[in-house]
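# Reading the structure
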Amino acid sequence: MKDYEKLSREHFNGQAAVYDERNTVYYSREGKISCNDIASLLRSVFFEKLLDVGCGTGYLIDLLAREKQCGFYGLDLSEKMIEAAKNKKIPGAVFVVGTADHLPYGSESFDVVTCSQSFHHYPYQEKAMREAFRVLKRGGLYVLSDTGIGGVGAMIDNHILFKLTRSGDCRTQNRRSIAKMMKKTGFEVVDCRQVRGFIYTVVGKKP
Ligand SMILES: C[S@@+](CC[C@H](N)C(=O)[O-])C[C@H]1O[C@@H](n2cnc3c(N)ncnc32)[C@H](O)[C@@H]1O
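Keep in mind the model is a prediction, meaning the values are calculated, not measured. The residue numbers shown here count from 1 along each chain, following its written sequence. The model is predicted, so local features are restricted to residues of pLDDT at least 70 and side-chain atom pairs to those at 80 or more, both for listing and for counting; the totals for chains, interfaces and linings are taken over all residues.

With that out of the way, let us pick up the overall build of the protein chain. A count of helices and strands for the protein chain gives seven helices and seven strands. By definition, any uninterrupted DSSP run of H or I lasting at least four residues is a helix, any uninterrupted run of E lasting at least two residues is a strand, and each is numbered from the N terminus. For the protein chain, the sequential pattern of α-helices and β-strands runs α-α-β-α-β-α-β-β-α-β-α-α-β-β. Residues with at least 20 other C-beta atoms within 10 Å of their own are called buried, those with 12 or fewer are called exposed, and the rest are partly exposed. The C-beta atoms themselves are positioned from the backbone. The buried share of the protein chain, taken over its 207 residues, is 43%.

What follows is the structure, given as structure tokens:
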């Protein structure tokens with residue numbers, strides 16, 4: 001298997017400097033739509049500690065930190081994206097380089113885990129979702145927003161053609177398959193909707 005994570009890291013390291021300013025399909029347009037949807041969903045939710053997996057330049061955490069005072073944690077594979085996030089100097093935010101399928105946090109640490117336009121890049125999606133489940137507290141929310149063309153999106157984006165497997169890893173997802181994967185992981189699905197075009201958001205609650 002190719003080193004998908006290395007390809008992703010190289011790709012996003014190259015995008016980091018212009019990611020926020022550009023507003024096109026290959027850059028941050030979808031991300032902004034997903035982040036705004038996640039922020040509006042979380043507006044009425046009380047939480048003290050949130051982790052954004054695949055946080056990129058910290059766009060979502062920046063949005064949320066304007067409205068809420070709490071512990072914000074962002075993790076991303078690309079050190080350049082993390083550098084851009086750190087440069088925003090968002091109060092209360094801690095950004096680290098890491099991978100979605102090996103989260104460097106203890107179990108039951110977060111009230112909310114978010115993932116915006118990042119899941120379709122993961123070679124080990126089920127493992128990444130299990131990690132989100134593990135680090136969430138009981139009653140915590142996993143808010144995943146992505147584009148339904150999934151694996152095809154990753155191919156267009158960073159020239160990675162994921163191998164389709166029956167196990168569910170490395171495959172194209174849509175809101176229904178994400179909801180199914182969430183249930184299999186142990187989440188109760190509390191919201192599952194199409195946001196705009198191919199963009200969807202699914203919310204899972206850890207019982
Ligand atoms: C399209 S950007 C989205 C960034 C941000 N969440 C947003 O919505 O604007 C995808 C991000 O996922 C990150 N990423 C890709 N694969 C990853 C992995 N396996 N673990 C953690 N982050 C990953 C990339 O480095 C990139 O910053």
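Picking up after the structure, the text goes on.
Surrounding the ligand, one finds 22 residues, the nearest of these being G31, G54, G56, S116 and S118. When residues of the shell around the ligand are traced back to their parent elements, those giving at least two are α1 (4-15) and α2 (29-42). Residues belonging to the shell around the ligand are distributed by class as follows: eight nonpolar, twelve polar and two charged. Only the C-beta atom matters for nearness: placed from the backbone, it must lie within 6 Å of the molecule or strand for the residue to count as near. Under this grouping Gly is polar, as are all residues other than the nonpolar Ala, Val, Leu, Ile, Met, Phe, Trp, Tyr, Cys and Pro and the charged Asp, Glu, Lys and Arg.

Moving on: the sheet that holds strand β7 (residues 199-205). The pairing of strands in a sheet comes from backbone hydrogen bonds and takes either a parallel or an antiparallel form. Here the rule is simple: two strands pair whenever DSSP picks up at least two bridges between them. Across the sheet, seven strands lie side by side as β3-β2-β1-β4-β5-β7-β6; this open sheet has mixed pairing. This sheet does not close on itself; its edge strands, each paired only once, are β3 (93-97) and β6 (188-196). Here the strands of the sheet are splayed against their neighbours by 15° on average, with no regard to which way each runs. Examined bridge by bridge, strand β1 (residues 49-53) and strand β4 (residues 110-116) share three bridges and lie parallel to one another. Its bridge partner lying in β4, D52 is registered against T114. Across the sheet, α2 touches β4, β5 (136-147), β6 and β7, and the angle it forms with β7 is around 35°. Fitted lines through C-alpha atoms serve as axes, helices being fitted only where they are in contact, and the angles separating the N-to-C directions of these axes extend from 0 to 180 degrees. Placing C-beta atoms from the backbone, we regard two residues as in contact once those atoms come within 7 Å.

Per-residue confidence for the protein chain gives a mean pLDDT of 88, with 86% of residues at or over 70. Residue range residues 163-171 is modelled with pLDDT below 50. Its contacts to residues more than four positions away, or to other chains, number 17 contacts. Every residue gets a pLDDT, meaning the predictor's confidence in that residue, from 0 to 100.

Take the nonpolar core next. Counting residues in each nonpolar core, the largest one holds 49 residues, and the members touching the most others are L51, L60, V113, A132 and Y142. Setting aside its immediate chain neighbours within four residues, L51 contacts Y73, L75, Y105, F110, V113 and V135. Each nonpolar core reported here comprises buried Ala, Val, Leu, Ile, Met, Phe, Trp, Tyr and Cys residues connected via C-beta atoms within 7 Å.

Let's shift gears to α2. Given a rise of 1.5 Å per residue, 14 residues ought to cover 20 Å, and the 20 Å separating the end C-alpha atoms of α2 matches this to within 8%. Those residues of α2 that fall on the buried side of the exposure criterion are E30, G31, S34, C35, I38, A39 and L42. Down the axis of α2, the sector holding all buried residues measures 160°, keeping them to one side. Contacts from the buried residues of α2 go to α3 (59-65), β4, β5 and β7. To estimate how far a helix should extend, the number of its residues minus one is multiplied by 1.5 Å. Summarising the geometry, the arc corresponds to the directions from the helix axis toward the C-beta atoms.

Another aspect to go through is α1. If you check α1, its first and last C-alpha atoms are 17 Å apart, about what twelve residues at 1.5 Å a residue would give, namely 16 Å. Along α1, the positions that sit buried rather than exposed are S8, R9, F12 and Q15. End-on view of α1: buried residues confined to an arc of 125°, all on one side of the axis.

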